[in-house]
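So you can see what is in the structure, the chains are spelled out below.
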Amino acid sequence: MPRWRHSNTGDKIPRPDCYLCLSGCLDRADVSAEARESIQTLLTVCADLSHPCSVDTGNDRATARQAMKTALGTGICGSRAEFCVLFAKGASLEQCGGFVRAARTAHLLRALAEMDHSIVQEAFGQGGWPIEFRAAVARLLSQHAPNDKEAPRKTTLRLSSEKLEQSLSETMVLDLIVLVGFVVVNNPQLQEAICEGWSVVKTLCTLPANWLVSQTRSRALLPTLCALAEYPACAAAISAELSMTMLEEFLNSPESQNLKLVQVIKVGRAKKHGKK
């Protein structure tokens, strides 16, 4: 994965992620609403490209990840503030524009978390941001997450079709669930600041039963529940609704071993056992 690619004329052209990091446009996007949407879309693509790949040679991909992390800063190109503002008290997701911005921001943060979870932990671990994150997630899930004990949610979004609306809403919920796992995993300080008495834990445990068996949904939900269960209060809340044995079996199942969050959880457990 070289830092440069060659055009049809043989000229060397910088790769998009290196250009984004070196050109200074990330700094401008942090304060320029006009540029932010396009830059965040490109960042999402670059984060996905920076994931490890079996055909990699050398350390170019790791270098790209570090360059992105350095350039993003703790504000994550304005995404941290945008994420929390979208779901602040009084904010509304009833308009299509706000809904799409929320979905885009959640997906960017998930992509960056899967690339390097320390990015989101550092971003939401500063000052009062853990409380902002806690409130933002609770608000979004209360609006869009389905519940096993109630009828399917109906929203007032005016998208082109109901099927598209449901698809976007579920994708956003999945992205958010994965993001929650990466924000709290192996981090006792953030677990204490975010998880104590958090209604989101109950929400995740009462999702419809098919979320536990659907491959796409369970691969997002179960690792996050495992990460939350590291905090005693969350473990108690989860065990009251679900089988902890089921979570452990999933964590050790062959099909879960390629999930980044599962890998991070296991690294954390190995470190804990190594200290004992």
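Taken as a whole and judged by the stated rule, the model has 5 salt bridges. The salt bridge partner of Arg-110 is Asp-175, with a shortest N-O separation of 2.9 Å. Of this pair, Arg-110 sits in helix H6 (residues 96–115) while Asp-175 is found in helix H9 (residues 162–184), placing the two residues 65 residues apart along the sequence. Take Arg-110 and Asp-175: they sit in the same class, and that class is buried. A salt bridge links Glu-241 to Lys-202; the shortest N-O distance between them is 2.4 Å.

On to the nonpolar core. Core analysis: the biggest nonpolar cluster contains 63 residues, and Phe-83, Phe-133, Trp-198 and Leu-228 have the highest contact counts within it. Here Phe-133 is in contact with Phe-83, Cys-84, Phe-124, Leu-179, Val-180, Val-183, Ile-194 and Trp-198, once residues within four sequence places are set aside.

Before going further, it helps to examine the packing of aromatic side chains. In the structure shown here, the tally under the stated rule is 3 aromatic pairs. Note on Phe-83 and Phe-133: the rings are 5.8 Å apart at their centroids and 25° apart in plane angle, and the pair reads as stacked. Residue Phe-83 is found in helix H5 (residues 79–86), and its partner Phe-133 is found in helix H8 (residues 129–144); the two are separated by 50 residues along the sequence. Each member of the pair Phe-83 and Phe-133 is classed as buried. Ring centres of Phe-124 and Phe-133 lie 4.8 Å apart, and the angle between their planes is 50°; on these two criteria the pair is classed as tilted. Like Phe-133, Phe-124 is buried. Each residue in the set Phe-83, Phe-124 and Phe-133 is aromatic and connected to the rest through ring pairs, giving one cluster.

On to H8. Relative to the 22 Å expected for 16 residues at 1.5 Å per residue, H8 spans 22 Å between its end C-alpha atoms, a close match to the ideal helical length. Taken residue by residue, H8 has Pro-130, Phe-133, Ala-136, Val-137, Leu-140, Leu-141 and His-144 as its buried positions. Along the axis of H8, the buried residues cluster in a sector spanning 130°; they form a single face.

What follows deals with helix H12 (residues 215–228). Taking 1.5 Å of rise per residue, the 14 residues of H12 would be expected to cover 20 Å, and the 20 Å separating its terminal C-alpha atoms lies within 8% of that figure. Of all 14 residues that make up H12, 11 are buried, and the element is covered over most of its length. When we look at burial in H12, the residues that qualify are Arg-217, Ser-218, Ala-220, Leu-221, Leu-222, Pro-223, Thr-224, Leu-225, Cys-226, Ala-227 and Leu-228.

Turning to the confidence of the model for the protein chain, a few remarks are in order. In this model, the protein chain carries a mean pLDDT of 77, and residues with pLDDT of at least 70 account for 63%. In the model, residues 1–17 has pLDDT below 50 throughout and makes 29 contacts with residues more than four positions away in sequence or in other chains. Here residues 22–32 scores under 50 on pLDDT; set against residues more than four positions off or in separate chains, the count is 19 contacts.

You can see Glu-196 is positioned in the loop between helix H10 (188–195) and helix H11 (199–205). Between the C-alpha atoms of Glu-196 and Ala-233, which are 37 residues apart in sequence, the distance is 6.6 Å. Excluding residues that lie within four positions of it along the chain, Glu-196 makes contacts with Arg-134, Gln-191, Tyr-231 and Ala-233.

Below, the discussion takes up the packing of H12 against helix H14 (residues 244–252). Direction vectors running N to C along H12 and H14 enclose 115°, while the axes themselves pass 10 Å from each other. Taken together, the axes of H12 and H14 are roughly perpendicular relative to one another. Both H12 and H14 take part in a crossing whose hand is left-handed. Note on element contacts: H14 touches H12 through Met-246, Leu-247, Phe-250 and Leu-251, opposite Ser-218, Arg-219, Leu-222, Pro-223, Leu-225 and Cys-226. The residue makeup of the contact of H12 with H14, split by class, is 8 nonpolar, 1 polar and 1 charged.

Each value, and the rule that gives it
- Residue numbering note: each chain is counted from 1, following its sequence as written.
- Where local features are concerned, this predicted model is filtered to residues with pLDDT of at least 70; where side-chain atom pairs are given and counted, the filter is 80 or more; whole-chain, interface and lining totals use all residues.
- To get the side-chain values, all heavy atoms of the structure are used, and hydrogens and water are removed first.
- Whenever a carboxyl oxygen of Asp or Glu lies within 4 Å of a side-chain nitrogen of Lys or Arg, that contact is scored as a salt bridge.
- Helix numbering and strand numbering both begin at the N terminus, where a helix is a DSSP run of H or I of at least 4 residues and a strand a DSSP run of E of at least 2.
- Throughout this description, buried means an accessible area under 20% of the type-specific maximum (1.4 Å probe, protein chains only), exposed means over 50%, and partly exposed covers the range between.
- To form a nonpolar core, buried Ala, Val, Leu, Ile, Met, Phe, Trp, Tyr and Cys residues must be joined to one another through side-chain atoms within 4.5 Å.
- Working rule for contacts: check all heavy atoms of both residues, and any pair within 4.5 Å makes them a contact.
- Stacked, edge-to-face and tilted labels apply to pairs of Phe, Tyr and Trp rings (six-membered ring for Trp) whose centres lie within 6.5 Å, assigned for plane angles under 30 degrees, over 60, and everything in between, in that order.
- Helix span, expected: 1.5 Å multiplied by one less than the number of residues in the helix.
- Arc definition: directions from the helix axis to the C-beta atoms.
- In predicted models, pLDDT denotes the confidence assigned by the predictor to each residue on a 0 to 100 scale.
- Interaxial angles span 0 to 180 degrees and are taken between N-to-C directions of axes, which are lines fitted to C-alpha atoms, for helices over the stretch in contact.
- Roughly parallel refers to an angle under 35 degrees, roughly antiparallel to one over 145, roughly perpendicular to one between 65 and 115, and oblique to any angle outside these ranges.
- What makes a crossing left-handed is the near helix being turned counterclockwise from the far one by less than a right angle; a clockwise turn instead makes it right-handed.
- Charged means Asp, Glu, Lys or Arg here, nonpolar means Ala, Val, Leu, Ile, Met, Phe, Trp, Tyr, Cys or Pro, and polar covers whatever is left, Gly included.

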